[in-house]
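# Structure at a glance
Given next are the chains, with one letter for each unit.
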Amino acid sequence: SLAYFNGNIIGIDDPVIPIDERGHQFGDGVYEVIRFYQGKPFMLKEHLDRLFMSAKAIKLEIGKEQEELEALMLELAGKSGLADADLYVQVTRGVAPRNHLFPKCPASLSITVKPARELSHQVRSEGVHIVLLPDERWQNCYIKSLNLLPNVLAKQEAFEQGCFESVLVRDGMITEGSSTNVFIVKEGKVQTRPLSRYILAGITRLAVKEITGEQGIPFIERAFRPEELLEADEVFLTSTTSEVLAVTAADGRQIGDGQPGPVTRRLYECFQQKIKAM
Ligand code: PLP
């Protein structure tokens, strides 16, 4: 593993964040997680675009050009010596005496590169269980902000109920998971919520959308109700670390025949092909 903070490569456990750091005190920042496969980043451009969009949305000046940050990330990933890695990049409003108002100081940049967190073969082949919970987050979930308390609480609640993920419901409609996008398959059609301020525009979601186009699988962007999820033929989640992951039960009720379905398995296979082809 390798870590970086404001110009210096540091030990992953080194104490380096000053007390008056705004990520630490306010969660005043944005982040990305990028997966490296065989030393190569997956959809890096899309992640960088989203990072800069998130920063702009909270009026945060990153202080580096996109190309500069990209070069730094690639350099650190190379230095880590890891082929399969998760790169975490975080930008905050910097170090200044605690005050809610924006400080006049440069942004802080933290990067870590760690061995990729792989799901177990059992989870991959059997799928996971989810719970449905109220979406208690703010109205700007399209921003990949450091403020993850509702997501953390929802993920912990899922864990305590023996589940892998919480799927969130706002105004009677599914939004997304605590750290994933959510899809249902009904009569061969893949459906997911359209992009809006209420969900994160997942990069893996985009990859799946592209794959459905290539494979001629119908892809419909529409909001759906919890009952539609419970009655779907298949349900799956997507994220950088989960890739395409089958859901086989929700709120204790079996989805379909309780096995990862054919469309989910096909999309997972195509996703693996996409990785190999890059
Ligand atoms: N939705 C939320 C709330 C997330 O935190 C994440 C990723 O961590 C996702 C969706 C999936 O996004 P991506 O596929 O870009 O990893």
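From a predicted model like this one, the values you see are computed outputs, not experimental measurements.

Let us now look at empty space enclosed by the protein. Rolling a probe over the atoms, with the probe sized like a water molecule, indicates the empty space that remains. Enumeration according to the criterion identifies one cavity of 30 Å³ or more in this entry. The calculated volume of the largest cavity comes to roughly 60 Å³. For the largest cavity, the full set of lining residues is R35, Y37, F42, H47, I203, T204, S239, T240 and F271. For the lining of the largest cavity, the elements supplying multiple residues, two or more each, are β3 (29-37) and α6 (203-215). For the lining of the largest cavity, a count of residues per class yields four nonpolar, four polar and one charged.

Okay, the site of the ligand next. Around the ligand sit 17 residues, and of these R50, E176, I203, T204 and T240 come closest. The separation between a nitrogen atom of the ligand and a polar side-chain atom of E176 is 2.7 Å. Here an oxygen atom of the ligand sits 2.6 Å away from a polar atom, N or O, in the side chain of T204. Comparing atom positions with the cavity grids shows the ligand to sit within the largest pocket.

Turning our attention to a negative patch on the surface. Residues E61, E65, E67, E68 and E70 make up a contiguous surface patch of negative charge. With respect to the element layout, E61 can be found in the loop between α2 (44-57) and α3 (66-80). According to the relative accessible area criterion, E61 is exposed, its value standing at 67%.

Here we take up a nonpolar patch on the surface. A cluster of nonpolar residues, L148, L149, V152 and L153, forms a patch on the protein surface that exposes about 370 Å² of accessible area. Inspection of the secondary structure puts L149 in helix α5 (residues 149-160).

Below, the discussion takes up the packing of α6 against helix α8 (residues 262-276). The interhelical angle for the contact between α6 and α8, taken along N-to-C directions, is 100°, at an axis separation of 10 Å. Relative to α8, the element α6 is oriented roughly perpendicular. Contacts from T204, A207, V208, E210, I211, T212, E214 and Q215 of α6 reach α8 at R266, L267, C270, F271 and K274. When the residues that make up the contact of α6 with α8 are grouped by side-chain class, the tally is six nonpolar, three polar and four charged.

This paragraph deals with the domain arrangement of the protein. Partitioning the protein into domains gives domain 1 (2-115) and domain 2 (121-276). Computed over C-alpha atoms, the centres of domain 1 and domain 2 are 26 Å apart. Summing the contributions of domain 1 and of domain 2, the shared interface buries around 1,800 Å²; its carbon and sulfur component is 69%. Three residues stand out in domain 1 for area buried against domain 2, namely Y31, F42 and R50, and they jointly supply 33% of the buried area on that side. On the surface where domain 1 and domain 2 come into contact, there are six residue pairs in polar contact (both at pLDDT 80 or more). Of all elements in the fold, only α1 (22-26), β3, α2 and β5 (85-92) reach the threshold of two or more residues within the side of domain 1 that touches domain 2. The element contributing the most residues to the side of domain 1 that touches domain 2 is β3, with eight residues. In the side of domain 1 that touches domain 2, the residues fall into twelve nonpolar, seven polar and five charged.

Rules behind the numbers
- Residues numbered from 1 in each chain as written.
- Predicted model: local features only at pLDDT ≥ 70, side-chain atom pairs only at ≥ 80, totals over all residues.
- Heavy atoms only, no water.
- 1 Å grid on protein atoms, 1.4 Å probe; cavity = no way out; pocket = protein on both sides within 12 Å on 5 of 7 lines; lining within 4 Å.
- Points joined across faces, edges and corners; volume = space filled by probe spheres on them.
- Helix = DSSP H or I, 4+ residues; strand = E, 2+ residues; numbered from the N terminus.
- Nonpolar A, V, L, I, M, F, W, Y, C, P; charged D, E, K, R; others polar.
- Near = heavy atom within 4 Å.
- Polar contact = N/O pair within 3.5 Å; in protein donor to acceptor, adjacent residues only side chain to side chain.
- Sits in = over half its atoms within 2 Å of the grid points.
- Patch = residues over 30% accessible without salt bridge, like charges linked within 9 Å, V, L, I, M, F, W, Y side chains within 5 Å.
- Areas by Shrake-Rupley, 256 points an atom, 1.4 Å probe, with all protein chains shown as cover.
- Salt bridge = Lys/Arg side-chain N within 4 Å of Asp/Glu carboxyl O.
- Lys, Arg positive; Asp, Glu negative; His and termini not counted.
- Charge placed at Lys NZ, Arg CZ, Asp CG, Glu CD.
- Buried < 20%, exposed > 50% of the residue type's maximum accessible area, 1.4 Å probe, protein only.
- Axes fitted to C-alpha atoms, helices over the stretch in contact; angles between N-to-C directions.
- Parallel < 35°, antiparallel > 145°, perpendicular 65-115°, else oblique.
- Contact = heavy atoms within 4.5 Å.
- Domains from an automatic or database assignment.
- Buried area = accessible area lost by both parts, 1.4 Å probe.

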